[in-house]
Amino acid sequence: RQLIVQSRQKLVGVDPTSGEVLWEREVPSFRGMNILTPVAFGNAVFTSSYQNKSWLFNVSKSDDKFQVEEVWNNNAQAYMSTPVVIDGHAYLHLQNQRFTCIDLKSGERKWTSNPYGKYSSLIAQSDLIMSLDQNGELLLFKANSKAFELLDQRKVSDQDTWAHVAVCGDEVFIRELNALSVFRWKEVAK
C-alpha cells in the first residue's frame, strides 16, 4: 500500500504508515503548478500537468527497490480536476476547457468535447460522470469511450463553485462561495 501524490515538481509514492518516500519521478510543471491528483490504474499511475502532457507510469518493485517507467505520453493538458477512470479509460477536463477520454492502455485520445467551463470537478458513479464547473453549471455525461455523450445539464448555483462536487448515496453536495447545497440524484421514470 502507498499514497500517490503529485507535488509541484514530482510524482511520489509514499508509505502511509511511516511517511517514507518509496519512489519519485520528476513531472514537468509550468511555474510550479501541478494541481491534478494522479490516479492509479492497476500497477500504473496516470497523471497530467498544467501546460505539459499526460503520462502513464508503470510502478514495479524488484529487490526491495521501486522502478518507475514511462509507458506512454500524449499532448492532453489537464488543468485542475482529478480524472475519473472507468473501464480502462481516463476522463478528464483539459486546460482548453474541453473534456477528453484517453485509453489508458494505448495512450490514445478517443475524443475531445466542445468547451465546458474554465474548471470542472469530476465524480463518477457506475458509468455516469458528474461535472461541476466554477460557474455552478452541473453536467451529467456517460462514460463512453466512443464519443462525448451529454445526458443532462443544469445551473445549480449563481455563486462561484470552485470546490469539488461530492456524492453520497443519492445526495449531491455543492459547495458554493457562501453556502452548501444538497440535491437528490435520482433517475426519472420514463
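Refer to the structure above for everything that follows.
Counting restarts for each chain: residues are numbered from 1 in the order of the written sequence. For this predicted model, a pLDDT threshold of at least 70 governs which residues receive local features, and a threshold of 80 or more governs which side-chain atom pairs are given and counted, while totals over whole chains, interfaces and linings are taken from all residues. To obtain the side-chain values, all non-hydrogen atoms of the structure were included, while hydrogens and water were left out.

On to the pattern of salt bridges, then. Salt bridges, as used here, are contacts in which a Lys or Arg side-chain nitrogen is within 4 Å of a carboxyl oxygen on Asp or Glu. One pass over the full model with this rule turns up seven salt bridges. Notably, a salt bridge pairs Lys-10 with Glu-24, separated by 3.1 Å at the nearest N-O pair. Taken together, the residues span a long stretch of sequence, with Lys-10 in strand β2 (residues 10–14) and Glu-24 in strand β3 (residues 21–26) at a distance of 14 residues. Relative accessible area serves as the criterion here: at 44%, Glu-24 is assigned to the partly exposed category. With a closest N to O distance of 2.7 Å, Arg-154 and Asp-152 form a salt bridge. Salt bridges sharing partners connect three or more residues here, namely Asp-170, Glu-171 and Arg-184. Per the convention used, a helix needs a DSSP run of H or I reaching at least four residues, while a strand needs a run of E reaching at least two, with both numbered from the N terminus. Any residue under 20% of the maximum accessible area for its type is buried, any over 50% is exposed, and the rest in between are partly exposed; the area is computed with a 1.4 Å probe on protein chains only.

The subject of this paragraph is the pairing of strand β12 (residues 120–125). Pairing between strands is defined by DSSP: at least two bridges between the two strands are required. With six bridges joining them, β12 and strand β13 (residues 128–133) adopt antiparallel strand pairing. Pairing of Ala-124 across the sheet is with Ile-129, part of β13. In this antiparallel pair of consecutive strands, β12 and β13, the connection spans two residues, and Ser-126 shows a positive phi of 60°.

Attention shifts here to the pairing of strand β5 (residues 44–48). For a regular strand, the rule is simple: side chains alternate between the two faces of the sheet. Of all five residues making up β5, five are buried, and the element is well covered by its neighbours. Here β5 shows two buried faces, one formed by Ala-44, Phe-46 and Ser-48 and the other by Val-45 and Thr-47. In this structure, strand β4 (residues 39–41) lies alongside β5, joined through three bridges in antiparallel fashion. Counted as the bridge partner of Phe-41 is Ala-44 from β5. The loop that links β4 with its antiparallel partner β5 comprises two residues; one of these, Gly-42, has a positive phi angle of about 60°. Two elements, β5 and strand β6 (residues 54–62), share five bridges in a ladder whose sense is antiparallel. Within the sheet, the bridge partner assigned to Phe-46 lies in β6 and is Leu-56. Where β5 folds back onto β6 in an antiparallel hairpin, the turn is made up of five residues, including Gln-51, whose phi is positive at roughly 60°.

On to the environment of Val-85, then. Note that Val-85 resides in strand β8 (residues 84–86). A residue is classified by how much of its surface remains accessible, and Val-85, at 30% relative accessible area, is partly exposed. Throughout, a contact is declared for two residues whenever any of their heavy atoms are within 4.5 Å. Aside from chain neighbours lying at most four places away, what touches Val-85 is Val-39, Phe-41, Ala-90 and Leu-104.

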